[in-house]
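# Summary of structural features
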Amino acid sequence: MNNTQTPPVADWTSDFDHVHPDYNKNAHELWETLRGSCPVAHTQRYGGAWLPVNYEHVREIAYDTEHFTSEAVIVSTDRPVVPRPIGAAPPITSDPPFHTTARRLLLPAFSPKKIAGFEPDIRALCRAKLDELPKIEPGHTVIDAAIQYAMHIPVGVIARMIGLPVDDKDLFVSFLDDLIGGANLPQEQLSAARDRVDTYLDIQIEAHRRQPQDDLITYLLNAELDGKPLDPQHIRGSIALLLLAGIDTTWSVLGSSLWHLATHPQDLKRLVENPALMETAIEEFLRAYSPATMARLVIDDHDFHGHAFKKGDWVLLPFPAANRDPAVFENAHTVQLDRAVNRHAAFGLGIHRCIGSNLARLELRVAIEEFIQRFPSFELASPQGVTWSVGQIRGPRQLSLRINQYNDPGTGQPA
Amino acid sequence: MSNDSQKPSTSWRIEIDADRCQGHNRCFSLAPQLFDVDEFGQGFVRPEAMGLDELRERAELATANCPEFAIRFIDTPSA
(Lines give C-alpha, C1' and ligand atoms only; values in the text may rest on other atoms or scores of the structure.)
Protein backbone atom coordinates (compact mmCIF):
# COMPACT_ATOMS: atom_id res chain seq x y z
CA MET A 1 0.00 0.00 0.00
CA ASN A 2 1.26 3.47 -0.76
CA ASN A 3 1.63 5.41 2.44
CA THR A 4 0.43 8.97 2.10
CA GLN A 5 0.60 9.84 5.77
CA THR A 6 4.26 10.80 6.03
CA PRO A 7 4.48 14.06 8.01
CA PRO A 8 5.88 16.98 6.02
CA VAL A 9 9.59 17.71 6.23
CA ALA A 10 10.55 21.19 7.39
CA ASP A 11 14.33 20.77 7.33
CA TRP A 12 16.05 18.05 5.32
CA THR A 13 19.31 18.43 7.28
CA SER A 14 17.82 17.64 10.69
CA ASP A 15 14.47 15.99 9.96
CA PHE A 16 14.93 14.17 6.65
CA ASP A 17 12.51 11.48 5.55
CA HIS A 18 13.58 9.39 2.59
CA VAL A 19 10.10 7.83 2.44
CA HIS A 20 8.37 11.18 1.95
CA PRO A 21 7.18 11.43 -1.69
CA ASP A 22 9.20 14.65 -2.16
CA TYR A 23 12.46 12.80 -1.49
CA ASN A 24 12.60 10.60 -4.59
CA LYS A 25 10.82 13.20 -6.70
CA ASN A 26 13.44 15.87 -5.93
CA ALA A 27 16.31 13.54 -5.10
CA HIS A 28 18.99 15.03 -7.33
CA GLU A 29 18.47 18.61 -6.17
CA LEU A 30 18.08 17.53 -2.56
CA TRP A 31 21.35 15.59 -2.50
CA GLU A 32 23.25 18.55 -3.94
CA THR A 33 21.77 20.88 -1.32
CA LEU A 34 22.81 18.46 1.42
CA ARG A 35 26.23 17.91 -0.15
CA GLY A 36 26.85 21.63 0.10
CA SER A 37 25.35 22.30 3.53
CA CYS A 38 25.10 19.10 5.56
CA PRO A 39 26.67 16.04 3.98
CA VAL A 40 25.67 13.74 6.87
CA ALA A 41 22.04 14.68 7.52
CA HIS A 42 20.12 13.44 10.51
CA THR A 43 16.55 12.71 11.54
CA GLN A 44 14.79 11.59 14.69
CA ARG A 45 12.31 9.66 12.58
CA TYR A 46 12.66 5.88 12.55
CA GLY A 47 14.22 6.04 16.01
CA GLY A 48 17.18 7.99 14.66
CA ALA A 49 18.77 7.83 11.20
CA TRP A 50 21.64 9.36 9.22
CA LEU A 51 22.01 10.15 5.52
CA PRO A 52 25.61 10.51 4.27
CA VAL A 53 25.55 11.70 0.66
CA ASN A 54 29.26 11.76 -0.16
CA TYR A 55 30.96 8.88 -1.94
CA GLU A 56 33.87 8.56 0.49
CA HIS A 57 31.58 8.34 3.54
CA VAL A 58 29.29 5.81 1.89
CA ARG A 59 32.32 3.75 0.90
CA GLU A 60 33.77 3.90 4.39
CA ILE A 61 30.53 2.71 6.00
CA ALA A 62 29.98 -0.04 3.41
CA TYR A 63 33.43 -1.45 4.19
CA ASP A 64 33.12 -1.16 7.98
CA THR A 65 31.55 -4.29 9.41
CA GLU A 66 33.05 -3.51 12.83
CA HIS A 67 30.87 -0.45 13.46
CA PHE A 68 27.88 -1.23 11.23
CA THR A 69 25.72 -4.34 10.98
CA SER A 70 23.60 -5.49 8.05
CA GLU A 71 21.14 -7.08 10.46
CA ALA A 72 18.46 -4.99 8.73
CA VAL A 73 18.87 -3.01 5.50
CA ILE A 74 15.46 -1.39 5.03
CA VAL A 75 14.90 1.48 7.45
CA SER A 76 11.73 1.05 9.48
CA THR A 77 10.17 2.36 12.64
CA ASP A 78 10.98 -0.86 14.48
CA ARG A 79 14.19 -2.74 15.04
CA PRO A 80 13.20 -6.22 13.92
CA VAL A 81 14.11 -9.16 16.09
CA VAL A 82 15.84 -11.41 13.61
CA PRO A 83 17.44 -14.77 14.06
CA ARG A 84 21.20 -14.11 14.03
CA PRO A 85 23.42 -14.85 12.26
CA ILE A 86 21.05 -15.64 9.40
CA GLY A 87 18.94 -12.49 9.54
CA ALA A 88 15.59 -12.16 7.82
CA ALA A 89 17.00 -12.26 4.29
CA PRO A 90 20.41 -13.93 4.06
CA PRO A 91 22.96 -13.05 2.87
CA ILE A 92 22.02 -9.36 2.67
CA THR A 93 21.12 -9.36 6.36
CA SER A 94 24.14 -11.39 7.38
CA ASP A 95 27.42 -10.23 8.84
CA PRO A 96 30.77 -11.95 8.51
CA PRO A 97 31.75 -14.71 9.07
CA PHE A 98 28.35 -16.32 8.32
CA HIS A 99 27.90 -13.91 5.43
CA THR A 100 30.82 -15.32 3.47
CA THR A 101 29.52 -18.89 3.21
CA ALA A 102 25.90 -17.85 2.72
CA ARG A 103 26.90 -15.60 -0.16
CA ARG A 104 29.05 -18.24 -1.84
CA LEU A 105 26.00 -20.51 -2.07
CA LEU A 106 24.30 -18.06 -4.42
CA LEU A 107 27.17 -16.56 -6.41
CA PRO A 108 27.50 -19.34 -9.02
CA ALA A 109 23.86 -19.04 -10.10
CA PHE A 110 24.51 -15.37 -10.93
CA SER A 111 27.97 -15.59 -12.46
CA PRO A 112 28.47 -13.64 -15.71
CA LYS A 113 28.84 -16.78 -17.82
CA LYS A 114 25.71 -18.35 -16.37
CA ILE A 115 23.69 -15.17 -16.81
CA ALA A 116 24.88 -14.61 -20.40
CA GLY A 117 22.90 -17.70 -21.38
CA PHE A 118 19.65 -15.95 -20.50
CA GLU A 119 19.97 -13.35 -23.23
CA PRO A 120 17.75 -15.02 -25.84
CA ASP A 121 14.96 -15.60 -23.30
CA ILE A 122 15.15 -12.02 -22.05
CA ARG A 123 15.04 -10.68 -25.60
CA ALA A 124 12.02 -12.87 -26.40
CA LEU A 125 10.28 -11.62 -23.24
CA CYS A 126 10.92 -7.98 -24.17
CA ARG A 127 9.57 -8.50 -27.68
CA ALA A 128 6.52 -10.31 -26.37
CA LYS A 129 5.73 -7.41 -24.02
CA LEU A 130 6.17 -4.89 -26.84
CA ASP A 131 3.91 -7.03 -29.08
CA GLU A 132 1.23 -6.93 -26.38
CA LEU A 133 0.99 -3.15 -26.44
CA PRO A 134 -2.04 -1.66 -28.19
CA LYS A 135 -1.76 -0.67 -31.84
CA ILE A 136 0.62 2.29 -32.09
CA GLU A 137 -0.39 5.40 -33.99
CA PRO A 138 2.85 7.38 -34.22
CA GLY A 139 2.49 10.81 -32.68
CA HIS A 140 -0.66 9.86 -30.80
CA THR A 141 -0.50 6.64 -28.82
CA VAL A 142 0.49 6.99 -25.18
CA ILE A 143 1.74 3.97 -23.24
CA ASP A 144 2.78 3.58 -19.62
CA ALA A 145 6.32 2.27 -20.02
CA ALA A 146 6.56 1.47 -16.30
CA ILE A 147 3.42 -0.65 -15.98
CA GLN A 148 3.18 -2.02 -19.51
CA TYR A 149 6.87 -2.76 -20.10
CA ALA A 150 9.58 -2.10 -17.50
CA MET A 151 7.92 -3.94 -14.64
CA HIS A 152 7.47 -7.17 -16.57
CA ILE A 153 11.03 -7.78 -17.63
CA PRO A 154 12.77 -8.44 -14.29
CA VAL A 155 9.67 -10.13 -12.88
CA GLY A 156 9.52 -12.64 -15.71
CA VAL A 157 13.19 -13.51 -15.42
CA ILE A 158 13.60 -13.78 -11.66
CA ALA A 159 10.32 -15.63 -11.10
CA ARG A 160 11.51 -18.34 -13.50
CA MET A 161 14.99 -18.50 -11.99
CA ILE A 162 13.58 -18.87 -8.49
CA GLY A 163 10.68 -21.15 -9.44
CA LEU A 164 7.68 -18.96 -8.66
CA PRO A 165 4.63 -18.51 -10.91
CA VAL A 166 5.09 -15.44 -13.14
CA ASP A 167 1.30 -14.98 -12.95
CA ASP A 168 1.70 -13.99 -9.30
CA LYS A 169 3.53 -10.82 -10.35
CA ASP A 170 0.86 -8.46 -9.00
CA LEU A 171 1.28 -10.16 -5.65
CA PHE A 172 5.06 -9.64 -5.81
CA VAL A 173 4.52 -5.95 -6.52
CA SER A 174 2.16 -5.72 -3.54
CA PHE A 175 4.90 -7.23 -1.34
CA LEU A 176 7.26 -4.49 -2.53
CA ASP A 177 4.70 -1.76 -1.97
CA ASP A 178 4.27 -2.96 1.59
CA LEU A 179 7.88 -3.56 2.53
CA ILE A 180 9.67 -0.76 0.67
CA GLY A 181 7.00 1.84 -0.05
CA GLY A 182 5.33 1.27 3.27
CA ALA A 183 8.52 1.09 5.32
CA ASN A 184 7.40 3.86 7.63
CA LEU A 185 4.11 2.21 8.55
CA PRO A 186 3.39 1.19 12.16
CA GLN A 187 5.04 -1.97 13.38
CA GLU A 188 1.90 -4.13 13.36
CA GLN A 189 1.21 -3.36 9.70
CA LEU A 190 4.81 -4.01 8.72
CA SER A 191 4.82 -7.31 10.64
CA ALA A 192 1.58 -8.33 8.93
CA ALA A 193 3.14 -7.52 5.56
CA ARG A 194 6.21 -9.62 6.36
CA ASP A 195 3.97 -12.48 7.46
CA ARG A 196 2.11 -12.35 4.13
CA VAL A 197 5.38 -12.78 2.26
CA ASP A 198 6.47 -15.62 4.54
CA THR A 199 3.15 -17.44 4.23
CA TYR A 200 3.22 -17.23 0.44
CA LEU A 201 6.81 -18.46 0.22
CA ASP A 202 6.25 -21.29 2.70
CA ILE A 203 3.56 -22.66 0.37
CA GLN A 204 5.82 -22.39 -2.68
CA ILE A 205 8.77 -23.99 -0.91
CA GLU A 206 6.62 -26.85 0.37
CA ALA A 207 5.42 -27.48 -3.19
CA HIS A 208 9.07 -27.77 -4.26
CA ARG A 209 9.79 -30.24 -1.46
CA ARG A 210 7.08 -32.48 -2.87
CA GLN A 211 8.07 -31.90 -6.47
CA PRO A 212 11.65 -30.75 -7.13
CA GLN A 213 12.30 -28.50 -10.14
CA ASP A 214 15.37 -27.15 -11.88
CA ASP A 215 15.34 -23.78 -10.12
CA LEU A 216 16.78 -21.88 -7.18
CA ILE A 217 14.22 -23.07 -4.62
CA THR A 218 15.16 -26.69 -5.27
CA TYR A 219 18.85 -25.73 -5.35
CA LEU A 220 18.55 -24.19 -1.87
CA LEU A 221 16.52 -27.14 -0.59
CA ASN A 222 19.43 -29.38 -1.60
CA ALA A 223 22.25 -27.05 -0.56
CA GLU A 224 24.43 -27.58 2.48
CA LEU A 225 26.21 -25.21 4.76
CA ASP A 226 28.95 -26.69 6.95
CA GLY A 227 27.76 -30.15 5.95
CA LYS A 228 24.13 -29.60 6.99
CA PRO A 229 20.99 -28.70 5.02
CA LEU A 230 19.96 -25.05 5.23
CA ASP A 231 17.67 -23.86 7.99
CA PRO A 232 14.13 -23.41 6.55
CA GLN A 233 14.21 -19.74 7.60
CA HIS A 234 17.44 -19.34 5.66
CA ILE A 235 15.89 -20.82 2.52
CA ARG A 236 12.77 -18.70 2.81
CA GLY A 237 14.75 -15.55 3.60
CA SER A 238 17.07 -15.99 0.63
CA ILE A 239 14.14 -16.61 -1.71
CA ALA A 240 12.41 -13.48 -0.42
CA LEU A 241 15.59 -11.51 -1.00
CA LEU A 242 16.11 -12.76 -4.56
CA LEU A 243 12.48 -12.11 -5.42
CA LEU A 244 12.24 -8.61 -4.01
CA ALA A 245 15.77 -7.52 -4.94
CA GLY A 246 15.35 -8.89 -8.45
CA ILE A 247 12.26 -6.92 -9.36
CA ASP A 248 12.08 -3.46 -7.93
CA THR A 249 15.65 -2.42 -8.52
CA THR A 250 16.02 -3.40 -12.18
CA TRP A 251 12.53 -2.21 -13.05
CA SER A 252 13.41 1.13 -11.47
CA VAL A 253 16.64 1.80 -13.35
CA LEU A 254 15.04 0.62 -16.58
CA GLY A 255 12.16 3.05 -16.07
CA SER A 256 14.55 5.86 -15.14
CA SER A 257 16.64 5.20 -18.25
CA LEU A 258 13.56 5.36 -20.47
CA TRP A 259 12.53 8.55 -18.64
CA HIS A 260 15.96 10.01 -19.43
CA LEU A 261 15.69 9.12 -23.10
CA ALA A 262 12.15 10.54 -23.24
CA THR A 263 13.34 13.85 -21.79
CA HIS A 264 16.66 14.04 -23.70
CA PRO A 265 15.83 13.49 -27.39
CA GLN A 266 19.45 14.11 -28.44
CA ASP A 267 20.59 11.19 -26.29
CA LEU A 268 17.83 8.96 -27.65
CA LYS A 269 18.79 9.79 -31.22
CA ARG A 270 22.46 9.16 -30.46
CA LEU A 271 21.74 5.78 -28.91
CA VAL A 272 19.47 4.74 -31.79
CA GLU A 273 22.10 5.73 -34.36
CA ASN A 274 25.09 4.30 -32.45
CA PRO A 275 24.22 0.91 -30.92
CA ALA A 276 27.87 0.50 -29.88
CA LEU A 277 27.29 3.34 -27.39
CA MET A 278 25.05 1.05 -25.34
CA GLU A 279 27.93 -0.42 -23.32
CA THR A 280 28.95 2.90 -21.75
CA ALA A 281 25.37 4.22 -21.79
CA ILE A 282 24.19 1.40 -19.51
CA GLU A 283 26.90 2.18 -16.97
CA GLU A 284 26.02 5.88 -17.12
CA PHE A 285 22.31 5.15 -16.55
CA LEU A 286 23.33 2.98 -13.61
CA ARG A 287 25.44 5.84 -12.22
CA ALA A 288 22.99 8.68 -12.77
CA TYR A 289 19.82 6.74 -11.92
CA SER A 290 21.03 4.14 -9.44
CA PRO A 291 17.88 2.64 -7.97
CA ALA A 292 19.03 1.23 -4.66
CA THR A 293 19.75 2.85 -1.32
CA MET A 294 20.67 0.36 1.36
CA ALA A 295 21.13 0.86 5.11
CA ARG A 296 23.02 -0.36 8.14
CA LEU A 297 22.49 -0.24 11.89
CA VAL A 298 25.09 1.28 14.19
CA ILE A 299 26.55 -1.40 16.45
CA ASP A 300 27.91 0.86 19.19
CA ASP A 301 28.07 4.58 19.94
CA HIS A 302 30.96 6.19 18.09
CA ASP A 303 32.04 9.39 16.39
CA PHE A 304 31.72 9.43 12.62
CA HIS A 305 33.56 12.45 11.22
CA GLY A 306 32.19 14.70 13.95
CA HIS A 307 28.74 13.13 14.14
CA ALA A 308 27.61 11.24 17.22
CA PHE A 309 26.37 7.92 15.84
CA LYS A 310 24.34 6.10 18.48
CA LYS A 311 23.91 2.36 18.92
CA GLY A 312 20.76 1.35 17.05
CA ASP A 313 20.74 4.38 14.73
CA TRP A 314 20.02 3.66 11.09
CA VAL A 315 22.61 4.80 8.56
CA LEU A 316 21.38 4.98 4.99
CA LEU A 317 23.77 4.08 2.18
CA PRO A 318 22.49 6.23 -0.69
CA PHE A 319 24.57 4.81 -3.53
CA PRO A 320 22.68 7.03 -6.00
CA ALA A 321 23.80 10.14 -4.10
CA ALA A 322 27.38 8.84 -3.87
CA ASN A 323 27.33 8.28 -7.63
CA ARG A 324 26.68 11.98 -8.20
CA ASP A 325 29.50 13.20 -5.98
CA PRO A 326 31.55 15.77 -7.94
CA ALA A 327 34.58 14.91 -5.81
CA VAL A 328 34.68 11.54 -7.57
CA PHE A 329 32.88 11.97 -10.89
CA GLU A 330 33.78 14.65 -13.43
CA ASN A 331 30.64 16.48 -14.60
CA ALA A 332 28.77 14.44 -12.02
CA HIS A 333 25.40 16.02 -12.77
CA THR A 334 25.58 15.48 -16.52
CA VAL A 335 24.57 12.21 -18.06
CA GLN A 336 27.32 11.41 -20.56
CA LEU A 337 26.44 8.33 -22.57
CA ASP A 338 30.04 7.84 -23.66
CA ARG A 339 31.59 8.24 -20.20
CA ALA A 340 34.63 5.95 -20.39
CA VAL A 341 35.78 6.02 -16.76
CA ASN A 342 32.81 5.22 -14.56
CA ARG A 343 33.57 3.34 -11.35
CA HIS A 344 30.09 3.90 -9.99
CA ALA A 345 28.68 2.15 -6.92
CA ALA A 346 25.18 1.39 -8.17
CA PHE A 347 25.60 -2.22 -7.09
CA GLY A 348 27.15 -1.31 -3.78
CA LEU A 349 30.70 -1.61 -2.54
CA GLY A 350 32.45 -4.29 -0.53
CA ILE A 351 31.24 -7.68 0.59
CA HIS A 352 27.54 -7.04 -0.09
CA ARG A 353 28.08 -6.14 -3.78
CA CYS A 354 24.78 -6.98 -5.46
CA ILE A 355 24.80 -10.65 -6.44
CA GLY A 356 22.39 -9.89 -9.28
CA SER A 357 24.54 -7.23 -10.95
CA ASN A 358 25.29 -9.30 -14.06
CA LEU A 359 21.62 -10.16 -14.48
CA ALA A 360 20.53 -6.57 -13.91
CA ARG A 361 22.96 -5.29 -16.53
CA LEU A 362 21.82 -7.85 -19.08
CA GLU A 363 18.13 -7.11 -18.50
CA LEU A 364 18.74 -3.38 -18.66
CA ARG A 365 20.71 -3.56 -21.89
CA VAL A 366 18.35 -5.90 -23.73
CA ALA A 367 15.20 -4.13 -22.53
CA ILE A 368 16.48 -0.73 -23.67
CA GLU A 369 17.78 -2.14 -26.97
CA GLU A 370 14.44 -3.72 -27.80
CA PHE A 371 12.43 -0.68 -26.73
CA ILE A 372 14.36 1.85 -28.81
CA GLN A 373 14.56 -0.55 -31.73
CA ARG A 374 10.76 -0.69 -31.72
CA PHE A 375 10.27 2.96 -30.75
CA PRO A 376 13.19 5.11 -31.99
CA SER A 377 11.39 8.28 -30.96
CA PHE A 378 9.25 8.95 -27.90
CA GLU A 379 8.66 11.67 -25.33
CA LEU A 380 6.89 12.26 -22.04
CA ALA A 381 3.15 12.50 -22.67
CA SER A 382 2.90 15.21 -20.01
CA PRO A 383 4.81 16.40 -16.92
CA GLN A 384 2.06 14.80 -14.82
CA GLY A 385 2.61 11.46 -16.47
CA VAL A 386 5.52 10.52 -14.21
CA THR A 387 5.13 9.29 -10.65
CA TRP A 388 8.27 8.44 -8.72
CA SER A 389 8.37 5.59 -6.24
CA VAL A 390 8.52 6.07 -2.51
CA GLY A 391 11.27 4.64 -0.27
CA GLN A 392 14.74 3.21 -0.67
CA ILE A 393 14.27 2.02 -4.25
CA ARG A 394 13.89 4.93 -6.67
CA GLY A 395 12.29 4.71 -10.10
CA PRO A 396 9.16 5.77 -11.99
CA ARG A 397 6.04 3.79 -11.07
CA GLN A 398 4.12 5.53 -13.80
CA LEU A 399 5.80 6.69 -17.03
CA SER A 400 3.43 7.93 -19.71
CA LEU A 401 5.23 8.11 -23.05
CA ARG A 402 3.89 9.32 -26.38
CA ILE A 403 5.33 7.15 -29.16
CA ASN A 404 6.38 9.30 -32.10
CA GLN A 405 8.02 6.72 -34.28
CA TYR A 406 7.40 3.02 -34.52
CA ASN A 407 9.39 0.34 -36.36
CA ASP A 408 7.34 -2.60 -37.54
CA PRO A 409 8.93 -5.68 -35.91
CA GLY A 410 8.38 -7.75 -39.03
CA THR A 411 10.12 -5.44 -41.48
CA GLY A 412 12.26 -3.32 -39.12
CA GLN A 413 10.97 -0.32 -41.05
CA PRO A 414 9.00 2.68 -39.83
CA ALA A 415 5.28 1.93 -39.78
CA MET B 1 54.04 10.38 -33.83
CA SER B 2 55.77 7.07 -33.38
CA ASN B 3 56.93 4.99 -36.29
CA ASP B 4 54.59 1.98 -36.60
CA SER B 5 57.46 -0.43 -37.03
CA GLN B 6 59.13 0.64 -33.77
CA LYS B 7 58.21 -1.20 -30.56
CA PRO B 8 57.35 1.07 -27.58
CA SER B 9 59.99 1.13 -24.91
CA THR B 10 57.66 0.01 -22.13
CA SER B 11 55.43 -2.96 -21.52
CA TRP B 12 52.82 -3.30 -18.79
CA ARG B 13 51.32 -5.71 -16.36
CA ILE B 14 48.28 -5.72 -14.10
CA GLU B 15 47.63 -7.33 -10.76
CA ILE B 16 44.25 -8.07 -9.21
CA ASP B 17 43.97 -7.92 -5.43
CA ALA B 18 41.80 -10.99 -4.81
CA ASP B 19 40.71 -9.74 -1.39
CA ARG B 20 39.42 -6.46 -2.80
CA CYS B 21 37.71 -8.08 -5.81
CA GLN B 22 33.98 -8.39 -5.18
CA GLY B 23 32.90 -9.66 -8.57
CA HIS B 24 31.55 -6.48 -10.13
CA ASN B 25 33.05 -7.96 -13.32
CA ARG B 26 33.66 -4.58 -14.98
CA CYS B 27 37.09 -5.84 -16.05
CA PHE B 28 35.68 -8.99 -17.67
CA SER B 29 33.00 -7.07 -19.48
CA LEU B 30 35.38 -4.34 -20.72
CA ALA B 31 38.22 -6.67 -21.75
CA PRO B 32 37.29 -10.35 -21.98
CA GLN B 33 40.49 -10.86 -24.01
CA LEU B 34 42.45 -9.87 -20.95
CA PHE B 35 40.36 -11.07 -18.01
CA ASP B 36 38.48 -14.16 -17.02
CA VAL B 37 36.19 -14.82 -14.08
CA ASP B 38 35.51 -17.91 -12.01
CA GLU B 39 32.09 -19.19 -10.94
CA PHE B 40 32.14 -16.90 -7.89
CA GLY B 41 32.76 -13.85 -10.05
CA GLN B 42 36.39 -13.42 -8.97
CA GLY B 43 38.49 -11.80 -11.70
CA PHE B 44 41.72 -13.22 -13.08
CA VAL B 45 44.19 -12.01 -15.69
CA ARG B 46 44.81 -14.23 -18.69
CA PRO B 47 48.58 -14.74 -18.55
CA GLU B 48 48.94 -14.95 -22.35
CA ALA B 49 47.38 -11.49 -22.74
CA MET B 50 49.57 -9.72 -20.21
CA GLY B 51 51.73 -6.98 -21.66
CA LEU B 52 50.38 -7.06 -25.22
CA ASP B 53 50.59 -3.60 -26.84
CA GLU B 54 47.15 -3.84 -28.38
CA LEU B 55 45.55 -4.49 -24.98
CA ARG B 56 47.25 -1.69 -23.03
CA GLU B 57 44.37 0.75 -23.46
CA ARG B 58 41.80 -1.86 -22.43
CA ALA B 59 43.94 -2.74 -19.41
CA GLU B 60 44.07 0.91 -18.33
CA LEU B 61 40.33 1.28 -18.84
CA ALA B 62 39.57 -1.81 -16.78
CA THR B 63 41.83 -0.55 -14.01
CA ALA B 64 40.08 2.82 -13.96
CA ASN B 65 36.63 1.23 -13.87
CA CYS B 66 37.03 -1.20 -10.97
CA PRO B 67 34.74 0.13 -8.21
CA GLU B 68 36.82 -1.63 -5.55
CA PHE B 69 40.17 -0.32 -6.80
CA ALA B 70 41.22 -3.97 -6.95
CA ILE B 71 43.30 -3.69 -10.13
CA ARG B 72 46.78 -2.24 -10.23
CA PHE B 73 48.25 -1.19 -13.57
CA ILE B 74 52.04 -1.12 -13.76
CA ASP B 75 54.21 0.17 -16.57
CA THR B 76 57.27 -2.01 -16.98
CA PRO B 77 60.41 -1.52 -19.03
CA SER B 78 60.65 -4.01 -21.90
CA ALA B 79 63.40 -6.55 -21.80
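Residues numbered from 1 in each chain as written. Chains lettered and ligands numbered in written order. Predicted model: local features only at pLDDT ≥ 70, side-chain atom pairs only at ≥ 80, totals over all residues. Heavy atoms only, no water.

Once that is clear, we can look at the overall build of chain A. Check the secondary structure of chain A and you find 16 helices and 13 strands. Relative to a compact globule of 415 residues, whose C-alpha radius of gyration would be 22 Å, chain A shows 21 Å and is just as compact. Over its C-alpha atoms, taken along the principal directions, chain A stretches across nearly 60 × 60 × 40 Å. A total of 415 residues make up chain A; the buried ones form 59% of that total. Contacts in chain A between residues far apart in sequence, at least 24 positions, make up 72% of those at least 6 positions apart. For chain A, the exposed surface amounts to about 16900 Å²; the carbon and sulfur share of it is 53%. Positive and negative charge centroids in chain A, built from 38 and 52 side chains respectively, lie 3 Å apart. (Helix = DSSP H or I, 4+ residues; strand = E, 2+ residues; numbered from the N terminus. Rg over C-alpha atoms; globule rule 2.2 N^0.38 Å. Buried < 20%, exposed > 50% of the residue type's maximum accessible area, 1.4 Å probe, protein only. Contact = heavy atoms within 4.5 Å. Areas by Shrake-Rupley, 256 points an atom, 1.4 Å probe, with all protein chains shown as cover. Lys, Arg positive; Asp, Glu negative; His and termini not counted. Charge placed at Lys NZ, Arg CZ, Asp CG, Glu CD.)

Residue and element names in this part refer to chain B. Within this structure, the stated rule accounts for three cavities of 30 Å³ or more. By volume, the largest cavity amounts to about 120 Å³. Lining the largest cavity are 16 residues; nearest its centre among them are Cys21, His24, Asn25, Cys27 and Cys66. Here the residues of the lining of the largest cavity sort into eight nonpolar, six polar and two charged. (1 Å grid on protein atoms, 1.4 Å probe; cavity = no way out; pocket = protein on both sides within 12 Å on 5 of 7 lines; lining within 4 Å. Points joined across faces, edges and corners; volume = space filled by probe spheres on them. Nonpolar A, V, L, I, M, F, W, Y, C, P; charged D, E, K, R; others polar.)

What follows covers helix 2 (residues 27–37) of chain A. Residue and element names in this part refer to chain A. Taken residue by residue, helix 2 has Ala27, His28, Leu30, Trp31, Leu34 and Arg35 as its buried positions. Along the axis of helix 2, the buried residues cluster in a sector spanning 160 degrees; they form a single face. The outward face of helix 2, more than 90 degrees from its buried face, is lined by the exposed residues Glu29, Thr33, Gly36 and Ser37. (Arc of directions from axis to C-beta.)

Quick look at the layout of surface pockets now. Roughly 640 Å³ of volume is contained in the second largest pocket. As for the second largest pocket, its lining consists of 27 residues, of which Glu279, Glu283, Arg361 and Arg365 of chain A together with Ser29 of chain B are closest to the centre. Counting residues per element, the ones that place at least two in the lining of the second largest pocket are helix 5 (112–116), helix 14 (278–288) and helix 16 (357–374) of chain A together with helix 1 (26–30) and helix 2 (56–65) of chain B. In terms of residue class, the lining of the second largest pocket is made up of eleven nonpolar, seven polar and nine charged.

The omega angle of the peptide bond from proline 90 of chain A to proline 91 of chain A is 0 degrees, so this bond is cis rather than trans. You can see proline 91 of chain A is positioned in the loop between strand 3 (68–69) and helix 4 (98–106). The linkage connecting proline 96 of chain A with the following residue, proline 97 of chain A, adopts the cis geometry, with an omega of 0 degrees. Note that proline 97 of chain A resides in the loop between strand 3 and helix 4. In this model, tyrosine 46 of chain A sits at a positive phi of 60 degrees, which is unusual for a non-glycine residue. Unlike most non-glycine residues, asparagine 25 of chain B shows phi in positive territory, near 65 degrees. By relative accessible area, which is 7% here, asparagine 25 of chain B ends up buried.

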